Amino acid sequence: MILVGLILLLIGFLTGISILWTIGVILLVVGAVLWLLGSVGHAVGGRRHYW
């Protein structure tokens, strides 16, 4: 999810399409939050770890 967010962020920045920029930022933040929750041991979506 973090990788997809970064890709959309870059595509949105380079092409000037603001909706891709916005979606990229949202996916990047959600992916980072899920990664942090999974790394400290909280179950995320029924899984102990989130990659």
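Residues numbered from 1 in each chain as written. Predicted model: local features only at pLDDT ≥ 70, side-chain atom pairs only at ≥ 80, totals over all residues. Heavy atoms only, no water.

Asker: Before we go on, may I ask you to explain the overall build of the chain in this structure?
Answerer: A tally of regular secondary structure across the chain gives two helices and zero strands. Within the chain, the fraction of its 51 residues that count as buried is 18%. Restricting to contacts in the chain with at least 6 residues of sequence separation, those with at least 24 account for 24%. Carbon and sulfur atoms provide 77% of the accessible area of the chain, an area that totals close to 3,900 Å². (Helix = DSSP H or I, 4+ residues; strand = E, 2+ residues; numbered from the N terminus. Buried < 20%, exposed > 50% of the residue type's maximum accessible area, 1.4 Å probe, protein only. Contact = heavy atoms within 4.5 Å. Areas by Shrake-Rupley, 256 points an atom, 1.4 Å probe, with all protein chains shown as cover.)

Asker: Please explain helix α1 (residues 2-15) as it appears in this structure.
Answerer: The α-helix advances 3.6 residues per turn, and as a result positions three or four apart in sequence lie on the same side. Under the 1.5 Å per step criterion, the end-to-end length of α1 is 20 Å for 14 residues, consistent within 8% with the ideal 20 Å. Among all positions in α1, only Gly 5, Leu 8, Leu 9 and Gly 12 are buried. Down the axis, α1 shows its buried residues gathered within 105 degrees of arc, on one side only. Facing away from the buried side of α1 by more than 90 degrees, the exposed set consists of Leu 3, Leu 10 and Leu 14. Contact partners of the buried residues in α1: α2 (18-39). Directly beyond the C-terminal end of α1, a positive phi value near 85 degrees is found at Gly 16. (Expected span 1.5 Å × (residues − 1). Arc of directions from axis to C-beta.)

Asker: In this structure, what is going on with the packing of aromatic side chains? I would like to understand it.
Answerer: What characterises a pair of aromatic rings is the spacing of the ring centres plus the angle enclosed by the ring planes. Across all of its chains, the model carries one aromatic pair by this definition. Ring centres 5.9 Å apart and planes at 40 degrees place the aromatic pair Phe 13 and Trp 21 in the tilted group. The class of Phe 13 is exposed, set by a relative accessible area of 59%. (Phe/Tyr/Trp six-rings, centres within 6.5 Å; stacked < 30°, edge-to-face > 60°.)

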